[in-house]
Amino acid sequence: MASLQTSSSSSSSSWSRKGRIIRATINVQRRLTNISLPGLKTKGMAEKLDLHNCTDRKRSPIDVNMLKRSDNNGHDPLVMAKLYAILEAIADRVEMHKNIGEQRNNWDSLLLTSINALTLSAAAMAGIAATSVIGGAAPVAALKLSSTIMYLSAIGMLSIMNKIQPSQLAEEQRNATRLLKQLHNQIQKIIAMGNPTTSDVKEMMEKVLALEKAYPLPLLGAMLEKFPENVEPAVWWPEQRRRQTKGLDGKKGWNGMLEEEMREISCAIRNKDEVDYLRLGGKASKLNKFLAIGGLVLTGLAALGSAFVGSPNHGSWEVVLGVVAGALASVVNTIEHGGQVGMVFEMYRRNAGFFKLMEESIESNLI
């Protein structure tokens, strides 16, 4: 009985303490509701401090709009899957373009070294054949034949090298790698910002296809023209669409004066910067074509001269032609491919394309 009385007394004392705490809390809340602070035009401090009715508090218009946007524009699993598939394909293409660019850069140095070695060796053999008098006609004929064969081999390799222009091919792949990396980062930003749409997927696909068309990987059937009649800027983007986004004033966000200034900038880009780079690209293309033809002609003359070395009916012109023309051909080839004139031409095309892209971007934003 004593233990029951003790427990009942302790429980009654605890209930009395809890009742005092609850009454004190209610009194505090009532006092807080009667407090007015300057600068707060509200019904009461307790409502602002969320001391009660926390689940039924009013949201600001911004919170409501954000919640509506989140509900309406949730992540579409299909759109996200498509974007990740495009992202993976772009990463694969970046690696491919990078590896092929390194390979074609190696083509330039290796082919140039091999052609110059053949040309100079053939010229040396032609000179030795002209001055050789030991052993009769057999050594001379062997040297002549070897020199002619080496010259003809150099002509064949040089024709292929002039046709494909390895330095220009390597520059194309470097540009493709850089632009694909930019596109890869752009898709990652879209995914990180959230709420991608089908229009984003379509836009990214168009950009990838335009890039692959501007800088193709294969050589046969898809290689860009290395000696075009008319130099055009490089185009690696899809057609720019007119933007319909308008500001609060019903326009694009600028007034007529700013629009006129943008038109003047676009006109200056089109008539000056783009034209200047196309003019420089045309000069580089003409120089490259002249050097390519000159190298082949000189190598052919050297092969012709080496074939007639030692003939009694022809004076010394065949020796001069076989040796001097071969040396000059080596110099011309070194200027063309060692100086990477094709790469310079592609660089001018890319710069002209950059200004063309800027011009189209400005015009697509004008009303």
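Each chain carries its own residue numbering, running from 1 in the written order of its sequence. Confidence filtering applies because this is a predicted model: local features only for residues at pLDDT of at least 70, side-chain atom pairs given and counted only at 80 or more, and all residues used for totals across whole chains, interfaces and linings. Side-chain measures were taken over the full set of non-hydrogen atoms in the model, leaving aside hydrogen atoms and water.

**Quick look at the overall build of the chain**
To be explicit about the condition: Every helix listed is a DSSP run of H or I at least four residues long, and every strand listed is a run of E at least two residues long, numbered separately from the N terminus. Partly exposed residues are those whose accessible area sits between 20% and 50% of the maximum for their type, while under 20% is buried and over 50% is exposed, using a 1.4 Å probe and protein chains only. Two residues form a contact once any of their heavy atoms are found within 4.5 Å. Here the open area of atoms and residues is found with the Shrake-Rupley method and a 1.4 Å probe, where only the protein chains shown may cover a residue.
The helix and strand inventory of the chain stands at ten helices and zero strands. Burial statistics for the chain: of 367 residues in total, 33% are counted as buried. Considering only intrachain contacts with a sequence separation of at least 6, the fraction spanning at least 24 residues in the chain is 85%. On the chain, roughly 22500 Å² of surface is accessible, and the fraction owed to carbon and sulfur atoms is 61%.

**Remarks on the packing of aromatic side chains**
So the rule is basically this: Pairing of aromatic rings covers Phe, Tyr and Trp, the last counted by its six-membered ring, and requires centre-to-centre distances within 6.5 Å; plane angles under 30 degrees mean stacked, over 60 mean edge-to-face, and any other angle means tilted.
Under the defined criterion, the tally for this structure stands at five aromatic pairs. Ring centres 5.1 Å apart and planes at 90° place the aromatic pair Trp236 and Trp237 in the edge-to-face group. In this pair, the class of Trp236 matches that of Trp237, namely buried. Geometrically, the ring pair formed by Phe354 and Phe355 is edge-to-face, given 5.4 Å between the ring centres and 70° between the ring planes.

**Digging into helix α6 (residues 166-193)**
Here is the rule we go by: A helix is expected to span 1.5 Å for every residue after the first.
Along its 28 residues, α6 runs 41 Å from first to last C-alpha, staying within 8% of the 40 Å computed at 1.5 Å per residue. Following α6 by one or two positions, Gly194 adopts a phi angle in the positive range, close to 85°.

**A few points about the pattern of salt bridges**
Counted only if it meets this: One side-chain nitrogen of Lys or Arg within 4 Å of one carboxyl oxygen of Asp or Glu is enough to make a salt bridge.
Enumeration over the complete set of coordinates arrives at twelve salt bridges. Residue Arg349 is joined to Glu346 by a salt bridge in which the shortest nitrogen-to-oxygen separation is 2.8 Å. Of the two residues, Arg349 and Glu346 are both situated in helix α10 (residues 341-365); the distance of three residues between them amounts to about one turn of the helix. Classification of Arg349 by relative accessible area gives buried; the value is 16%.

**Some remarks on a nonpolar patch on the surface**
Inclusion rule: The residues that make up patches have over 30% relative accessible area and no salt bridge, and they are joined within 9 Å when like-charged or within 5 Å when they are Val, Leu, Ile, Met, Phe, Trp or Tyr.
A cluster of nonpolar side chains, contributed by Ile293, Val297, Leu301, Leu304, Phe308 and Trp317, occupies part of the molecular surface with about 510 Å² of accessible area. If one sorts the elements of the nonpolar patch by residue count, helix α8 (residues 256-307) sits on top with four residues. With respect to the helices, strands and loops of the structure, Val297 is situated in helix α8.

**Remarks on the nonpolar core**
We count it as follows: Each nonpolar core is a collection of buried residues, namely Ala, Val, Leu, Ile, Met, Phe, Trp, Tyr and Cys, held together in the definition by side-chain atoms within 4.5 Å.
Counting residues in hydrophobic clusters, the biggest one holds 23 residues, and the most contacted among them are Leu83, Ile90, Ile187, Tyr215 and Trp236. Elements supplying a minimum of two residues to this core: α4 (77-131), α6 and α7 (198-214). Formed by eight residues, the second largest nonpolar core is a distinct cluster that contains Ala122, Ala123, Ile155 and Ala325.

**Looking at the packing of α4 against α6**
Note the cut-off: Axis geometry follows a simple rule: fit a line to the C-alpha atoms, using only the stretch in contact for helices, then measure angles between N-to-C directions, giving values from 0 to 180 degrees. When an angle is under 35 degrees it counts as roughly parallel; over 145 it counts as roughly antiparallel; between 65 and 115 it counts as roughly perpendicular; any other value is oblique. Crossings are classed by handedness, with left-handed meaning an anticlockwise turn of the near helix from the far one by less than a right angle and right-handed meaning a clockwise turn. Under the grouping applied here, Gly and all other residues not named as nonpolar or charged are polar, the nonpolar ones being Ala, Val, Leu, Ile, Met, Phe, Trp, Tyr, Cys and Pro and the charged ones Asp, Glu, Lys and Arg.
The contact between α4 and α6 brings their axes to 8 Å, and the two run at 160°. Relative to α6, the element α4 lies roughly antiparallel. Every pair of crossing elements has a handedness; the one defined by α4 and α6 is left-handed. For the contact of α4 with α6, a count of residues per class yields 20 nonpolar, eight polar and six charged.

**Concerning the side chain of Thr119**
Which entries qualify depends on this criterion: We define a polar contact as two N or O atoms separated by no more than 3.5 Å, with the added condition that, inside protein, one atom must be a possible hydrogen donor and the other a possible acceptor, whereas residues neighbouring each other in sequence contribute only through side-chain atom pairs.
Relative to the elements of secondary structure, Thr119 occurs in helix α4. Among the polar contacts made by the side chain of Thr119, one reaches the main-chain carbonyl oxygen of Ile115 at a distance of 2.8 Å.

**Overview of the side chain of Thr299**
Tracing the sequence through the fold places Thr299 in helix α8. Apart from the residues lying within four places of it in its own chain, the contact partners of Thr299 are Tyr151, Ala154, Ile155, Leu158, Ala329 and Asn333.

**Describing the environment of Trp236**
Along the chain, Trp236 falls in the loop between α7 and α8. For Trp236, a relative accessible area of 11% puts it in the buried group. Once you skip the residues sitting within four places of it in the chain, Trp236 turns out to touch Leu179, Lys207, Ala210, Leu211, Ala214, Tyr215, Arg350, Gly353, Phe354 and Leu357.

**A few points about the UniProt feature "transmembrane region" (unreviewed entry) in the chain**
Selection rule: UniProt positions are given in the numbering used here, feature names are shortened, and annotations may be inferred rather than shown by experiment.
Under the UniProt annotation, the feature "transmembrane region" (unreviewed entry) is placed at residues 110-134, 140-160, 290-309 and 315-335. Taken as a whole, residues 140-160 contains 100% helix and 0% strand, while its terminal C-alpha atoms sit 31 Å from one another. Measuring from the first to the last C-alpha atom of residues 290-309 gives 28 Å, for a span that is 90% helix and 0% strand.

**Regarding the environment of Thr197**
In this fold, Thr197 is placed in the loop between α6 and α7. Residues Thr197 and Asp76 lie 121 residues apart in sequence; the distance between their C-alpha atoms is 7.7 Å.

**As for unusual backbone geometry**
Backbone geometry follows two general trends: most residues other than glycine have a negative phi, and most peptide bonds adopt the trans configuration. Within the chain, Asn195 stands out as a residue other than glycine whose phi angle is a positive 55°. With respect to the secondary-structure elements, Asn195 resides in the loop between α6 and α7. With relative accessibility at 27%, the residue Asn195 sits in the partly exposed group. Unlike most non-glycine residues, Gln340 shows phi in positive territory, near 55°. In this fold, Gln340 is placed in the loop between α9 (317-338) and α10.

**Let's talk about the confidence of the model for the chain**
In plain terms, the rule: A score from 0 to 100, pLDDT tells how confident the predictor is in each residue.
Taken as a whole, the chain shows an average pLDDT of 78; of its residues, 72% reach a score of 70 or greater. At the level of individual helices and strands, the chain shows its lowest average pLDDT in helix α2 (residues 45-48), which scores 38, and its highest in α6, which scores 94. Below a pLDDT of 50 lies the segment residues 1-73, which in the model reaches 16 contacts outside its immediate sequence neighbourhood of four places, other chains included.

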